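# Descriptive analysis of the structure
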Amino acid sequence: MGDLFLVRHGETEWSRSGRHTGWTDVPLTEHGRNEARRLVPLVRSQRIGAAFVSPLQRARETAELIGVGDARVDADLHEWDYGGYEGVTTADIHRTRPGWFLFTDGVAPGPPDHPGESPRQVGERADRVLAKVDAALAGAEGVLLVAHGHFLRVLTARRLGLPAPHGALFLLATGTLCRLGTEHDRPVVAGWNLRPDP
């Protein structure tokens, strides 16, 4: 069975400033575009049979820049719905909720169209994506997902058989490639936050 490759989109103004960016469709910065372009040799060196991308422009542009512009858009790959914390930094949240931690505490309720998601709900979406990945991996070549930091961290935890809150263990930088493989038929992290050598 092939490997699962994860790409977090390149930098945005909001990711640079630490603002929670769920549904707000912010573009890549020029630095974020360069981060994506630098991944091209790493992506091309892998055997990828299928690619899926979040519908948000920062992920779709990253997919195009790394050479998978034909990736299938999948709404389940969107970032965590941060509800009332959309656009807010962790430091700002701690002013009213000291000790708050996204992966265990979830988010404050938001507007009706973006009410927020619990860690469990994000884990359920990740499980749906992984079912699609497993179907695509039946062809033995790798699958590539281009998406968002917190969502991909939860997806990694679920791939490894861990509860969704354990996504907190996998710090994920913008514009990086990760590889989830197997050892003795068990899922493992085979590469994390990979970038080409300068």
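Keep in mind that this is a model prediction, so the values were computed, not measured.

### As for the nonpolar core
Across soluble globular proteins, nonpolar side chains show a tendency to be buried alongside one another. Membership of the largest hydrophobic core comes to 31 residues, with the highest contact counts inside it found for L4, L6, W80, V143, L145, F151 and L155. Of all the secondary structure elements, the ones that give two or more residues to this core are β1 (4-8), β2 (48-53), α6 (102-105), α7 (119-137), β4 (142-147), α8 (149-159) and β5 (176-183). The element contributing the most residues to this core is α7, with six residues. Once you skip the residues sitting within four places of it in the chain, L4 turns out to touch L130, V133, V143, L145, L155, R159, C178, R179 and L180. One finds A36, A51, A71 and V146 within the second-largest nonpolar core, a separate group that totals 16 residues.

### Describing the sheet that holds β1
The sheet built from six strands is open, its strands ordered β3-β2-β4-β1-β5-β6 with mixed pairing. The sheet terminates laterally at β3 (72-73) and β6 (186-194), the two strands that pair on one side only. Note that β1 and β5 share five bridges and pair antiparallel. Following the sheet pairing, F5 is matched in β5 by R179. This element, α7, spans β1, β2 and β4 of the sheet and lies at about 150° to β4.

### Let's talk about the packing of helix α2 (residues 30-38) against helix α4 (residues 57-65)
Where α2 contacts α4, the two axes come as close as 8 Å, and the packing angle between them is 40°. With respect to α4, the axis of α2 lies oblique. Taken as a pair, α2 and α4 cross one another with a handedness that is right-handed. When α2 is examined against α4, the residues R33, A36 and R37 are found in contact with a partner set consisting of E61, T62 and L65.

### Regarding empty space enclosed by the protein
The gaps left among the atoms become clear once a water-sized probe is rolled over them. Enumeration over the complete set of coordinates arrives at one cavity of 30 Å³ or more. In this structure, the largest cavity encloses a volume near 30 Å³. Around the largest cavity sit F52, D74, L77, V129, K132, V133 and L145, which together line it. Among the elements that take part in the lining of the largest cavity, α7 stands out by supplying three residues, more than any other. By residue class, the composition of the lining of the largest cavity is five nonpolar, no polar and two charged.

Rules used throughout
- Residues numbered from 1 in each chain as written.
- Predicted model: local features only at pLDDT ≥ 70, side-chain atom pairs only at ≥ 80, totals over all residues.
- Heavy atoms only, no water.
- Core = buried A, V, L, I, M, F, W, Y, C linked by side-chain atoms within 4.5 Å.
- Buried < 20%, exposed > 50% of the residue type's maximum accessible area, 1.4 Å probe, protein only.
- Helix = DSSP H or I, 4+ residues; strand = E, 2+ residues; numbered from the N terminus.
- Contact = heavy atoms within 4.5 Å.
- Pairing = 2+ DSSP bridges.
- Axes fitted to C-alpha atoms, helices over the stretch in contact; angles between N-to-C directions.
- Parallel < 35°, antiparallel > 145°, perpendicular 65-115°, else oblique.
- Left-handed = near helix turned anticlockwise from the far one by under 90°.
- 1 Å grid on protein atoms, 1.4 Å probe; cavity = no way out; pocket = protein on both sides within 12 Å on 5 of 7 lines; lining within 4 Å.
- Points joined across faces, edges and corners; volume = space filled by probe spheres on them.
- Nonpolar A, V, L, I, M, F, W, Y, C, P; charged D, E, K, R; others polar.

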